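Fold and geometry: a report
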Amino acid sequence: MKCSKALKTTLLAILVLNLVAVSHGRLRYNFYNGRCGQHNVEAIIQSIVKNSFAADPKIVAGLLRLQFHDCAVNGCDASILLDGPDSEKTASPNLSVFGYDLIDQIKVVLEAVCPGVVSCSDIIIAATRDATVLAGSPPFQVQMGRRDSLVSLASNVNLPSPDISVSNAIQFFGSKGLNPFDMVLLLGAHTVGVCHCSVINDRLYNYMGTSEPDPSMNPSYMNVLRNHYCPMGQADNSYVYLDDPSSALSIDNNYYKQLMDNKGILPIDQALTHDGSTRWMVDLLANATDFPSLFTQALVKLGRVEVLTGRRGQIRRNCRRIN
């Protein structure tokens, strides 16, 4: 689909309107004001996240993935944080999730100043927001008031794989109340993402069992990946950025530019440009200067999926176990 600049502007305006989510009745801005004495809950979270980001900027990718993997399984209820032999943490898609220790650190500090007040699910949302801002998004607010789940089962984890088709991905996001544009924006989190080389070895060396690389990938980029990041026989923990390394720690639209140049890393990323229902969105965002603000709106919408409020759930005193 070819779009003029004027048409792209119009389409973007329409899609922005579709991003606006109805506020959840029991979630509120400034929810914790006055609930923790003289302490500012969100300032405490922000300070701890800032220190973590300074030590390792990849925490942004960790927290974004943590939020998605939590919210996409029975809603944003911190069920992913619970320990146990059959908890969500043990499910295969969650074995490479990181950021748990940072959530624990924040929880310990908040429990010391106002015990039993701040939910683990709100901590995930606020910490992800703060990390996203540190990576270059404009400041944005999130509503609070979530409560924590009492249940966490690996059998509930049914997350999209890196090679899911676009149509199935749209269906999955739709089941969470998120439309296709929300999906394409949220996949934009890959602008700061990383993945292990083992995830894409088939694309690099044995696509569809052919013993050849994926012919849809930009050949020069393929050679860079094979020679510098994911050489044959590399260690299992070797990883590659999902965006160009020069931009891989910043929330920007370079990810979409990469896709338009056939430099997508994960199969689902590049598939967005091969499917007519989403290619025009990628093209739109590759040329949009306000992707960071659009991304934050989609992230806010994700944070409202199937939340527990009121008397449902509990406020865990330790994010790893129920009270």
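Residues numbered from 1 in each chain as written. Predicted model: local features only at pLDDT ≥ 70, side-chain atom pairs only at ≥ 80, totals over all residues. Heavy atoms only, no water.

Following the criterion strictly, the structure yields four disulfides and no others. In this model, Cys36 is linked to Cys114 through a disulfide, with the two sulfur atoms separated by 2.3 Å. Taking the torsion about the S-S bond as the criterion, the Cys36 to Cys114 disulfide, at about -90°, is left-handed. Linking Cys36 in the loop between helix H1 (5-19) and helix H2 (41-55) with Cys114 in the loop between helix H4 (100-113) and helix H5 (120-134), this pair joins segments that are 78 residues apart in sequence. Judged by its relative accessible area of 3%, Cys36 falls in the buried class. When its relative accessible area of 5% is taken as the criterion, Cys114 is described as buried. With its sulfur 2.0 Å from that of its partner, Cys197 forms a disulfide with Cys230. Its torsion about the S-S bond being -75°, the disulfide of Cys197 and Cys230 is classed as left-handed. With a gap of 33 residues between them, Cys197 in helix H8 (residues 197-205) and Cys230 in the loop between helix H9 (219-229) and strand E2 (239-241) connect regions that are remote in the sequence. Comparing Cys197 with Cys230, the two get one shared label, buried. What connects to what in the chain, once the bonded cysteines are numbered by sequence position, is 1-4, 2-3, 5-8, 6-7. Note on Cys195: no disulfide assigned, nearest cysteine sulfur contributed by Cys230 at a separation of 6.8 Å. (Disulfide = S-S within 2.5 Å. Helix = DSSP H or I, 4+ residues; strand = E, 2+ residues; numbered from the N terminus. Buried < 20%, exposed > 50% of the residue type's maximum accessible area, 1.4 Å probe, protein only.)

This part takes up helix H11 (residues 267-274). With respect to burial, H11 is a largely interior element, six of its eight residues being buried. Residues of H11 that are buried: Ile268, Asp269, Gln270, Ala271, Leu272 and Thr273. Buried-residue contacts for H11 involve helix H6 (166-175), helix H7 (180-187), H8, helix H10 (254-260) and helix H12 (276-286). (Contact = heavy atoms within 4.5 Å.)

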